[in-house]
Number of protein chains: 2
Amino acid sequence: MRPMSSAPFDSTSGSAGQVRFFNPGPVWVRPQVLQALGGPMMSHRSQAFSDLYGRILEKLPKLFRTKGQAHTLATSATGVWEAALVSCVEGPVLCCCNGAFSDKWGEMSQRLGLDTTILKAEWGKPILAEEVRKKLAEKKFQAVTVVHNETSTGTISDLPAIAKVVHEGSDALLFADVVTSLAGTRVEADEWGLDVAVCGSQKALALPPGIAVFSISEKALAAARQKKHRGLYLDLIDVEAFGKKKQNPTTPSLPLLYALDVQLDHILAEGLENRWARHHSMLKAVEEWAPKAGFRFLPEDPATHSPTVSSLYPPEGVNAEELNKAMKKEGFTPGSGYGKFKPLNIRIGHMGDVDLESVKALLAAYDKVAQGMLAASAVGAGTKS
Amino acid sequence: MRPMSSAPFDSTSGSAGQVRFFNPGPVWVRPQVLQALGGPMMSHRSQAFSDLYGRILEKLPKLFRTKGQAHTLATSATGVWEAALVSCVEGPVLCCCNGAFSDKWGEMSQRLGLDTTILKAEWGKPILAEEVRKKLAEKKFQAVTVVHNETSTGTISDLPAIAKVVHEGSDALLFADVVTSLAGTRVEADEWGLDVAVCGSQKALALPPGIAVFSISEKALAAARQKKHRGLYLDLIDVEAFGKKKQNPTTPSLPLLYALDVQLDHILAEGLENRWARHHSMLKAVEEWAPKAGFRFLPEDPATHSPTVSSLYPPEGVNAEELNKAMKKEGFTPGSGYGKFKPLNIRIGHMGDVDLESVKALLAAYDKVAQGMLAASAVGAGTKS
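In this numbering scheme, every chain counts its residues from 1 along its sequence in written order. For this description, chains carry letters from A and ligands carry numbers from 1, given in the order in which they are written. Residue-level local features of this predicted model are given only where pLDDT is at least 70; pairs of side-chain atoms are given and counted only at 80 or more, and the full residue set underlies all totals for whole chains, interfaces and linings. Calculation of side-chain values draws on the structure's entire complement of heavy atoms; hydrogens and water are dropped beforehand.

1. A short note on empty space enclosed by the protein
Residues and elements named next belong to chain A.
- Think of a 1 Å grid over the protein atoms and nothing else: a 1.4 Å probe that fits but is trapped marks a cavity, an open set flanked by protein within 12 Å on at least five of seven lines marks a pocket, and residues with an atom within 4 Å of a point count as lining. Grid points are joined across faces, edges and corners, and a volume is the space filled by probe spheres set on the points. A full pass over the atoms with the stated rule returns 1 cavity of 30 Å³ or more.
- By volume, the largest cavity amounts to about 50 Å³.
- Lining the largest cavity are Thr72, Leu73, Ala74, Ile211, Tyr233, Asn248, Thr250, Thr251, Pro252 and Ser253.
- Only Asp, Glu, Lys and Arg are considered charged, only Ala, Val, Leu, Ile, Met, Phe, Trp, Tyr, Cys and Pro nonpolar, and every remaining residue, Gly among them, polar. Considered class by class, the residues forming the lining of the largest cavity number 5 nonpolar, 5 polar and no charged.

2. As for the relation of the copies chain A and chain B
- To superpose the copies, least squares is applied to the C-alpha atoms of every residue with a pLDDT of at least 70 in both. With an RMSD of 0.0 Å, chain A superimposes on chain B once it is rotated by 180 degrees and translated 0.0 Å along the axis. Each copy turns onto its partner about a two-fold axis. In terms of C-alpha distance to the rotation axis, chain A has Thr75 of chain A as its closest residue, with the C-alpha 2.6 Å off the axis.

3. Let's talk about the pattern of salt bridges
- By definition, a salt bridge exists where a carboxyl oxygen of Asp or Glu is found within 4 Å of a side-chain nitrogen of Lys or Arg. Overall, the coordinates contain 56 salt bridges over all chains when judged by the stated rule.
- Salt-bridge contacts for Asp235 of chain B lead to Arg111 of chain A; the nearest nitrogen and oxygen are separated by 2.7 Å. Within this pair, whereas Asp235 of chain B is found in the loop between α8 (218-226) and α9 (236-244), its partner Arg111 of chain A is found in helix α4 (residues 100-111), the two belonging to separate chains. This pair shows no difference in class: Asp235 of chain B is buried, exactly as Arg111 of chain A is.
- Taking the shortest distance from any N to any O, the salt bridge between Arg275 of chain A and Asp353 of chain A comes out at 2.9 Å. You can see Arg275 of chain A sitting in helix α11 (residues 272-293) and its partner Asp353 of chain A sitting in the loop between β14 (346-349) and α13 (356-384), a full 78 residues away along the chain.
- Its relative accessible area of 0% is what places Asp353 of chain A among the buried residues. The numbering of helices and of strands both runs from the N terminus, where a helix is a DSSP run of H or I of at least 4 residues and a strand a run of E of at least 2. Burial classes: relative accessible area under 20% of the type maximum marks a residue as buried, over 50% as exposed, and values in between as partly exposed (1.4 Å probe, protein chains only).

4. Description of the side chain of Ser311 of chain B
Residue and element names in this part refer to chain B.
- Summarising the element assignment, Ser311 is placed in strand β12 (residues 309-313).
- Owing to a relative accessible area of 0%, Ser311 belongs among the buried residues under this scheme.
- In protein, a polar contact means a hydrogen-donor-capable atom and an acceptor-capable atom, both N or O and within 3.5 Å, with residues adjacent in sequence counting only if both atoms are side-chain atoms; elsewhere, any N or O pair within 3.5 Å suffices. Separated by 3.3 Å, the side chains of Ser311 and Asn345 make a polar contact.
- For Ser311, the residues in contact, after removing those within four places along its chain, are Ser152, Thr153, Gly154, Arg296, Phe297, Leu298, Pro299, Asn345, Ile346 and Arg347. Only heavy atoms enter the contact rule, under which two residues are in contact if any of them lie within 4.5 Å.

5. Quick notes on the packing of helix α2 (residues 47-64) of chain A against helix α10 (residues 254-270) of chain A
All names here are of chain A.
- Axis definition: a line fitted to C-alpha atoms, limited for helices to the stretch in contact. Angles are taken between N-to-C directions and run from 0 to 180 degrees. Two elements in contact, α2 and α10, have axes separated by 10 Å at closest approach and are oriented at 45 degrees. The angle between the axes of α2 and α10 places the two elements in the oblique class. Crossing handedness for the pair α2 and α10: left-handed. Contacts between α2 and α10 involve Phe49, Leu52, Tyr53, Arg55, Ile56, Lys59, Leu60, Lys62 and Leu63 from the first element and Leu254, Leu257, Tyr258, Leu260, Asp261, Leu264, Asp265, Ile267 and Leu268 from the second.
- Here the residues of the contact of α2 with α10 are counted per class, giving 13 nonpolar, no polar and 5 charged. Note on angle classes: values under 35 degrees are labelled roughly parallel, values over 145 roughly antiparallel, values of 65 to 115 roughly perpendicular, and the remainder oblique. For a crossing to be left-handed, the near helix must be turned anticlockwise from the far one by less than a right angle; the clockwise case is right-handed.

6. Let's talk about helix α9 (residues 236-244) of chain A
- In terms of burial, α9 of chain A is largely enclosed, as 7 of its 9 residues are buried.
- Within the span of α9 of chain A, buried status applies to Leu236, Ile237, Asp238, Val239, Glu240, Phe242 and Gly243 of chain A.
- Lining the buried residues of α9 of chain A we find α2, β2 (69-73), α3 (77-88), β10 (212-216) and α8 (218-226) of chain A together with α4 (100-111) of chain B.
- At the N-terminal boundary of α9 of chain A, the capping side chain belongs to Asp235 of chain A, with an oxygen 3.0 Å from the backbone nitrogen of Ile237 of chain A.
- Positive backbone phi, at 55 degrees, marks Lys246 of chain A, one or two positions downstream of α9 of chain A.

7. Regarding the interface of chain A and chain B
- The interface is formed by 46 residues belonging to chain A together with 46 residues belonging to chain B.
- Buried area adds together the accessible area that both of two parts lose upon being put together, with accessible area traced by a 1.4 Å probe. Here chain A packs against chain B, burying approximately 3500 Å² in sum over the two surfaces, 65% of which is carbon and sulfur.
- Counting across the chain A and chain B interface gives 4 salt bridges.
- Counting residues per element, the ones that place at least two in the side of chain A that touches chain B are α3, α4 and α10 of chain A.
- By residue number, the principal contributor to the side of chain A that touches chain B is α4 of chain A, which donates 5 residues.
- Counted by class, the side of chain A that touches chain B contains 20 nonpolar, 18 polar and 8 charged residues.

8. Let's talk about the pairing of strand β8 (residues 173-177) of chain A
Residues and elements named next belong to chain A.
- In terms of burial, β8 is largely enclosed, as 5 of its 5 residues are buried.
- Side chains Leu173, Phe175 and Asp177 project from β8 onto one buried face, and the interleaved Leu174 and Ala176 project onto a second face that is buried too.
- Pairing of strand β5 (residues 143-147) with β8, which is carried by 5 bridges, proceeds in the parallel orientation. In the sheet register, Val146 faces β8, and the bridge partner there is Ala176.
- In this structure, β8 lies alongside strand β9 (residues 196-200), joined through 3 bridges in parallel fashion. Counted as the bridge partner of Ala176 is Ala197 from β9. Paired strands, as defined in this entry, are two strands with at least two bridges between them according to DSSP.

9. A few points about the environment of Thr180 of chain A
Residue and element names in this part refer to chain A.
- Here Thr180 lies in the loop between β8 and α7 (189-192).
- Given a relative accessible area of 1%, Thr180 falls into the buried group.
- Distance from Thr180 to Tyr233, taken between C-alpha atoms, is 25 Å for residues 53 residues apart in sequence.
- When near neighbours in sequence (up to four residues on either side) are disregarded, Thr180 contacts Asn149, Thr151, Lys203, Thr308 and Met351.

10. Here we look at the sheet that holds strand β2 (residues 69-73) of chain B
All names here are of chain B.
- Judged by pairing direction, the sheet is mixed, and its 7 strands sit side by side in the order β2-β10-β9-β8-β5-β3-β4 without closing on themselves. Of all strands in the sheet, those with a lone pairing partner are β2 and β4 (116-120), marking the two edges. When strand polarity is set aside, the average angle formed by the axes of neighbouring strands in this sheet is 20 degrees.
- Against the sheet, helix α6 (residues 159-169) contacts β5 (143-147) and β8 (173-177), and its axis sits at roughly 165 degrees relative to β8.

11. Re the nonpolar core
- Side-chain atoms within 4.5 Å are what join buried Ala, Val, Leu, Ile, Met, Phe, Trp, Tyr and Cys residues into a set we call a nonpolar core. Phe64, Val132 and Phe295 of chain A together with Phe64, Val132 and Phe295 of chain B are the most contacted members of the largest nonpolar core, which totals 180 residues.
- Counting residues in hydrophobic clusters, the runner-up holds 72 residues, among them Ala77, Val93, Val198 and Ala220 of chain B.

12. Here's the deal with the sheet that holds strand β14 (residues 346-349) of chain B
All names here are of chain B.
- On the basis of which strands lie adjacent, the open sheet formed by 5 strands has the order β1-β13-β14-β12-β11 and mixed pairing. Edge strands, defined here as strands with exactly one partner in the open sheet, are β1 (21-22) and β11 (296-297).
- Sheet topology note: the strand β13 (residues 333-336)/β14 ladder contains 2 bridges and is antiparallel. By the bridge assignment for β14, Ser336 is matched with Ile346.
- Helix-sheet contacts for helix α11 (residues 272-293) involve β11 and β12, and the interaxial angle to β12 is about 15 degrees.

13. A look at the packing of helix α5 (residues 129-138) of chain B against α6 of chain B
Residues and elements named next belong to chain B.
- Relative to each other, α5 and α6 sit at 20 degrees, their axes nearing to 9 Å. Put simply, α5 runs roughly parallel to α6. Taken as a pair, α5 and α6 cross one another with a handedness that is right-handed. Together, Ala129, Val132, Arg133 and Leu136 of α5 and Ala161, Ile162, Val165 and Val166 of α6 make up the contact between the two elements.
- Of the residues that constitute the contact of α5 with α6, the class distribution is 7 nonpolar, no polar and 1 charged.

By themselves these figures say nothing about function.
Here it is in structure tokens:
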């Protein structure tokens, strides 16, 4: 797909350096993708639909690096969290919780009435494989849930190490939320042994929200076949069965499928490893800039800095919420801190099709605005003294 | 909203008489609505989002004719069928089944492990209030499911009569699928006492698929509050709580919400009762045409003919599937029969923003094509004899 050229791939398709929207999801979406949403209506039982969906089902597993299956569901990623639990699990679940989203998955497991053990880490800390190993030694779990990259705190855990511990120390299913890691950094469903890997559309895939994508292993499907009451809408066995016909069991979100088809071509044209490298280069730019600008990463260990979203404390004396308000006036939309960190942090979503030059423009604006606020407060303090 | 004019409201917004897509859902969508899908990305926790969603939550109850609440969920309508059962019901359910969709709701209830009684009517027959009354006398049910208008067979049941029986004869919750009745014919959530009324977007609302809308009564919410394990994604209590903040609990389908906002204005500008009347005039055109053209309605009783989708046997000697193939060559896309009726019937979706003149053009084309096929087979028969 990619033309022979010495110029670097323009992830923005013509808006290089001009992106000003850095929300950590929904992220900036290329106009070409927004246009694709408006494709013509058709029956989801027609050949034309199966042609479209067949293309998607062929490309999607490449994102997850699986030779097995990947599917879509007309829910947010949260819907597939629930589908994995509802379809495959009856026994005890170990939920690894280190931020708003992983906490929520644990809460969901409890609210479904499943026997749930919470492995808790502080927000901003990763889930450690060693801690998972200890929990697995204490009890036999049917499934383990873990969030690869906690969007709420910009903290990435060592998922391959966790996966290794889970598969060596138990025969539990491993459910991984790869919502802000897939297509932004390495995710290897087969190599690591992710039984269900769940992703939303509005993050590093750079689509609008409204659909979830996921890979599912034979082991997870076998577990689902053993479970009696899986309901219907969230039944992954149904999704698999209709997938064979290049259909969805229920009415799919046609606009999002049109957009997904177009965007998968774009992602594969960039090349998955190139895309990961681009995300890491954006993180590197933030890491090089932050100490000079007086910003500090929420996750202390640099090995846990997320390649897709940076959660940062502003310089002392600068209020995070005021800072982002001032950034808005400069034409930039960064993200605010999440949940309890809302008044304390800012978050920069450097993911999807956002490019490095745009990130640099954002960082320069942060410099200018934060320095202005510090200068103003120094003058204010001077006046008072 | 509607300008002062003596000209009738153009439901197609400029394509009057030109619609050629008559699938009974997804239906034809105005280009203005397709364009609205491509609105800008924003955080679903931002004020801008709450402004959008607040407009929707204000307009939506008018469609359902409720002074209470109506909400959206990022699923198909099937997802809200499941949400109603998962959120509100623990005890026995009476599922009224008279077609592919109502059968599926019954199957869902069984697959959720609920104690389910099926009241079965033949495909093409309505659910009779009297039969519901008998079932309610036999057992105490916590909920009754009924599909107002069976899209699979083009058969409408007397929902107000059924609702009366349910509320007089029991204190069961009444869950109604109004997928192909809402905004196409009278639906009165408050007056009839619909505890959950569920609708998809891709039918008489004339939006693309990808979101569900529903009304919910205080009685249904009270039942949900009593139920311990409601999960999270399908928990209608969460949806209600976040609705108060003009938000969704999980990531909403932003493109569909943009489109819904625009389309609710369009529907309310036409006027709900005018919209119902327009749908009934399209049915009337089919009813007047059918006997002359040798087509026969699947539902025998004219009182049960659906105002939104007509399911018809073609003239004797004309194969339904061949007929629709020939219609495709004429530039028309009608619907095929559903499920077991696929080889036997055609279905005409006369709903959403399709206009009467376009329906008349379709019927004229059916005349021409069916007559041509009959003439060809008569010649063929003549040659053979």
